[in-house]
Amino acid sequence: MDDSATSDNPPKASKLKEHSLNWAGLSYIIGDVALAAAGEWGGAWWLAGGVVATMYGHPKAEKQFQLLSDRLGNYLRREGVEIPETPDTESLRRKGGVLDHIESFMYTYPSQILNTAYTIGSLLLIRSGLQPKTGQKRDYALAGAGALVIAGALGGLLIKEKKPDPDHPPQGAAEKAKAWIQEKPLRWPAIAYGLNDVMLAISTYQNKKNNPLNSLKWITVSTYAFGNVMLALSKKNNAGNAANIEALEQLAETSAHVIAAQPPDIQEKLLQRVATFIALQKESHMTADEVSAMLHQKLASVASRGPLTGWQHRTSPTGIPLTPTL
């Protein structure tokens, strides 16, 4: 057996796939800089989207744990559940400021921000192609490239991720194609962006004499090609990867300390509501029943360390029943 295939030492191909959205963003950044340098300022908007995808597309376990803890802590406070002041529950007591909320939004919707920025940049590219500078002809290939990016970006924004149903496999070519796109919605923009790359290459070749900086676009064409492959491998969220699983384990451990602090007669109801809340988070790859089982295991471990005293008797039960929200 190849040791490189174990969970402790994942093969390089798996690591590349796990960080595919980051690599896509980095490739797009290089291409966007070259495009902007060639005088196409739609590339500046695309650059902003690429920066977000690179920086926020694959948060580490510690960051994911912080983001999930912030959401769960806010939820518990809204429902009137007192969070005990112990080191084990410190992450849930944290109240973030405006910058924390902005950062959380970036981590939550990196691919959506990427596609939104691409839509704006594409409109500028279309305008550049259809309204050329004085003395230049209309560049329909450039306008077409922008239109394809808009089509891809909107698809990436609107298509919802859906796992294949093994009990009801798709029938026919159309259904299979639809299921293939829904499994990883970012495949759609990757295809559209690939066609955009072709149109951009045509535009670059046709206008090589009009702009002395036009040759910079060949850098854009080549880096976009790699980025499109990486985007096709990406998911809209990070559910199920190693860092994500570690973050959910940490969150379950922290939640168990809060549940253990409640009066015995409401612990089970609180546990089920917390399980539902966690399962509804976009990072979760688990069902509510699976999260519930994990929480029961963590709760038993916390209880085995000895009875809680003092602060748990002051915990208010007013948060029951709870209403899980995203």
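Each chain has its residues counted from 1, running along the sequence as written. Totals for whole chains, interfaces and linings use all residues, but because this is a predicted model, local features are given only for residues with pLDDT of at least 70 and pairs of side-chain atoms are given and counted only at 80 or more. Side-chain numbers here rest on the full set of heavy atoms in the structure, without hydrogens or water.

Some points on helix α8 (residues 140–158)
Thought 1: Labels follow the DSSP assignment, with helices taken as runs of H or I lasting at least four residues and strands as runs of E lasting at least two, numbered in each case from the N terminus. Here the expected length of a helix is defined as 1.5 Å per residue gap, with one fewer gap than residues. Compared with an ideal rise of 1.5 Å per residue, which puts 19 residues at 27 Å, α8 spans 27 Å between its outermost C-alpha atoms and is within 8% of the ideal.
Thought 2: Of all the positions in α8, only A141, L142, A143, G144, A145, G146, V149, I150, G152, A153, G155 and G156 are classed as buried.
Thought 3: By definition in these notes, contact holds between two residues if any of their heavy atoms fall within 4.5 Å. Residues of α8 that are buried make contact with α3 (42–56), α7 (110–130) and α10 (187–206).
Thought 4: Counting of polar contacts relies on pairs of N or O atoms within 3.5 Å, with two restrictions inside protein: one atom must be capable of donating a hydrogen and the other of accepting it, and residues adjacent in sequence are counted only when both atoms are side-chain atoms. Sitting at the amino-terminal end of α8 is D139, which places a side-chain oxygen 3.3 Å from the backbone nitrogen of A141. Think of it in three bands: with a 1.4 Å probe and only protein chains considered, a residue is buried below 20% of the maximum accessible area for its type, exposed above 50%, and partly exposed in between.

Overview of the nonpolar core
Thought 1: Remark: nonpolar core denotes a set of buried residues (Ala, Val, Leu, Ile, Met, Phe, Trp, Tyr, Cys) joined through side-chain atoms within 4.5 Å. Residues L72 and L76 are the most contacted members of the largest nonpolar core, which totals 29 residues.
Thought 2: Counting residues per element, this core draws most heavily on helix α12 (residues 242–260), at eight residues.
Thought 3: Once residues within four sequence positions are removed from consideration, L76 is found in contact with V81, I83, L92, V258, L270 and V274.
Thought 4: Core analysis: the second largest hydrophobic core is formed by 22 residues, A53, L142, A153 and L186 among them.

Let's talk about the environment of T276
Thought 1: The topology assignment puts T276 in helix α13 (residues 264–280).
Thought 2: For the pair T276 and V291, spaced 15 residues apart in the sequence, the C-alpha separation amounts to 7.7 Å.

Considerations on a nonpolar patch on the surface
Thought 1: Patch rule: a residue counts if its relative accessible area is over 30% and it has no salt bridge; like charges are joined within 9 Å, and nonpolar side chains (Val, Leu, Ile, Met, Phe, Trp, Tyr) within 5 Å. A 1.4 Å probe and the Shrake-Rupley method give the accessible areas. Residues count as covered only by the protein chains that appear here. Each salt bridge in this description consists of a side-chain nitrogen of Lys or Arg and a carboxyl oxygen of Asp or Glu lying within 4 Å of one another. Where nonpolar side chains cluster on the molecular surface, the patch consists of W23, L26, I30, I219 and F226 and spans about 430 Å² of accessible area.
Thought 2: Elements with a minimum of two residues in the nonpolar patch: α2 (20–37) and α11 (217–233).
Thought 3: Of the residues forming the nonpolar patch, the biggest block, three residues, is contributed by α2.
Thought 4: Relative to the assigned elements, F226 resides in helix α11.

Thoughts on the confidence of the model for the protein
Thought 1: Per residue, pLDDT captures the predictor's confidence, and it can take any value from 0 to 100. Overall, the prediction assigns the protein a mean pLDDT of 81, with 86% of residues at 70 or greater.
Thought 2: Segment residues 1–8: pLDDT under 50, and six contacts once partners within four positions in sequence are set aside and those in other chains are kept.
Thought 3: For the stretch residues 308–326, pLDDT sits under 50, and the model shows 44 contacts to residues farther than four places along the chain or on other chains.

As for the packing of aromatic side chains
Thought 1: Pairs were defined over the aromatic rings of Phe, Tyr and Trp, the Trp ring being its six-membered one, requiring ring centres within 6.5 Å. Orientation was assigned from the angle between planes: stacked under 30 degrees, edge-to-face over 60, tilted for the rest. Using the criterion set out here, one finds nine aromatic pairs in the structure.
Thought 2: Relative to Y193, the ring of Y28 lies with its centre 6.4 Å away and its plane at 85°, an arrangement referred to as edge-to-face. Residue Y28 is found in helix α2, and its partner Y193 is found in helix α10; the two are separated by 165 residues along the sequence.
Thought 3: Note on Y28: relative accessible area 1%, which makes it buried.
Thought 4: Ring centres of Y56 and Y107 lie 4.8 Å apart, and the angle between their planes is 85°; this geometry places the pair in the edge-to-face category. Here Y107 lies in helix α6 (residues 98–108) and Y56 lies in helix α3, a separation of 51 residues in the sequence. For the pair Y56 and Y107, one class covers both residues: buried.
Thought 5: Each residue in the set Y28, W46, Y118, Y193 and Y224 is aromatic and connected to the rest through ring pairs, giving one cluster.

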